[in-house]
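Each chain, written out:
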Amino acid sequence: MVEKNGAIRTLSVDIGGSGVKVLVLDITGKPLTERARTQTPQPPKPQVVIDAIVALAATQGEFHRVSVGFPGVVRAGVTETAANLDPEWIGFDLATALSKRLNNPVRVINDADMQGLGSISGKGVELVITLGTGFGSALFVDGKLVPNLEMGHHEFRKGETYEEQLGRATLEKVGEKKWNRRLQKAIASLEHLFNYDYLYIGGGEAVRVKIELPSNVKIIPNITGLLGGITLWKD
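Reading guide: rules and limits
- Residues numbered from 1 in each chain as written.
- Predicted model: local features only at pLDDT ≥ 70, side-chain atom pairs only at ≥ 80, totals over all residues.
- Heavy atoms only, no water.
- Helix = DSSP H or I, 4+ residues; strand = E, 2+ residues; numbered from the N terminus.
- Rg over C-alpha atoms; globule rule 2.2 N^0.38 Å.
- Buried < 20%, exposed > 50% of the residue type's maximum accessible area, 1.4 Å probe, protein only.
- Pairing = 2+ DSSP bridges.
- Axes fitted to C-alpha atoms, helices over the stretch in contact; angles between N-to-C directions.
- Patch = residues over 30% accessible without salt bridge, like charges linked within 9 Å, V, L, I, M, F, W, Y side chains within 5 Å.
- Areas by Shrake-Rupley, 256 points an atom, 1.4 Å probe, with all protein chains shown as cover.
- Salt bridge = Lys/Arg side-chain N within 4 Å of Asp/Glu carboxyl O.
- Lys, Arg positive; Asp, Glu negative; His and termini not counted.
- Charge placed at Lys NZ, Arg CZ, Asp CG, Glu CD.
- Contact = heavy atoms within 4.5 Å.

**Digging into the overall build of the protein**
Thought 1: Scanning the protein from N- to C-terminus turns up seven helices and 15 strands.
Thought 2: What you see for the protein is a C-alpha radius of gyration of 17 Å, in line with the 18 Å of a compact globule of 235 residues.
Thought 3: The principal-axis extent of the C-alpha atoms belonging to the protein is close to 50 × 40 × 30 Å.
Thought 4: The burial tally for the protein puts 54% of its 235 residues in the buried class.

**Quick word on the sheet that holds strand β15 (residues 217-219)**
Thought 1: Strand order in the open sheet formed by five strands is β11-β10-β9-β14-β15, with mixed pairing between adjacent strands. Two strands close off the open sheet at either side, each with one partner strand: β11 (144-146) and β15. Within this sheet the neighbouring strands show an average axis-to-axis angle of 25 degrees, counted without direction.
Thought 2: Examined bridge by bridge, strand β10 (residues 135-141) and β11 share three bridges and lie antiparallel to one another.

**Let's talk about a positive patch on the surface**
Thought 1: Together, K158, K173, K177, K178, R181 and K185 give the surface a local cluster of positive charge.
Thought 2: Looking at which element gives the most residues to the positive patch, the answer is helix α6 (residues 176-194), with four residues.
Thought 3: Structurally, K158 can be placed in the loop between β12 (155-157) and β13 (160-161).

**Examining the sheet that holds strand β2 (residues 19-25)**
Thought 1: Sheet architecture is open: five strands sit in the order β3-β2-β1-β4-β8, paired in mixed fashion. Each end of this open sheet is capped by a strand with a single partner; those strands are β3 (36-39) and β8 (106-110). Neighbouring strand axes in the sheet, compared pairwise and without regard to direction, differ in orientation by 15 degrees on average.
Thought 2: Taken together, the six bridges between strand β1 (residues 10-15) and β2 define a ladder with antiparallel strand orientation. Pairing of D14 across the sheet is with K21, part of β2.
Thought 3: Of the strands in this sheet, β1, β2 and β3 are in contact with helix α1 (residues 46-57), which crosses β2 at around 40 degrees.

Right, here's the structure in full:
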């Protein structure tokens, strides 16, 4: 691996319920390539998703290590939950399997955690939520990650979870106006729950947020889910 001369290149991968995205970053986290995207294969089983990553990686040129954001709980490179993918992901060693295919070291983290790493200031209590196929979440205290929060599967209102009330399927069913009203209630709930200093809202559906946001709430671009990949290698 190229080291300490600025030439090291990190392939950053974002696995989502609807799309798989990749980008190569330099040592500082600056993009070196254009983002490449493909639809998440259906059914989204491990091997076909890995095949999609390998195909996308081939368009990105040289890289020396890989960071992956995965939509579920990840522990030591193993995916433990996968609510919006396929049950075959449960207990799957993604880091090892992908490393063998790409011939480079791989580190894997929850996708909302990776998005947060690309967004936060590192000061105080910072909460990140991602609005996409599901509802992702990440919590940071003075820049330190509280891993695998998975708040989206906890009850929010009317006996339903945050994900059931605010996921993409519900957005398409109830429409933007009602979805935005629900989001406004979710923001108020989360503020009382976490007493955060800052809330960041990302994910593919963040562009559909139409409500006026409090001064300590910010929309972040979806590409931060890839930009956070550089932080996985800052030991």
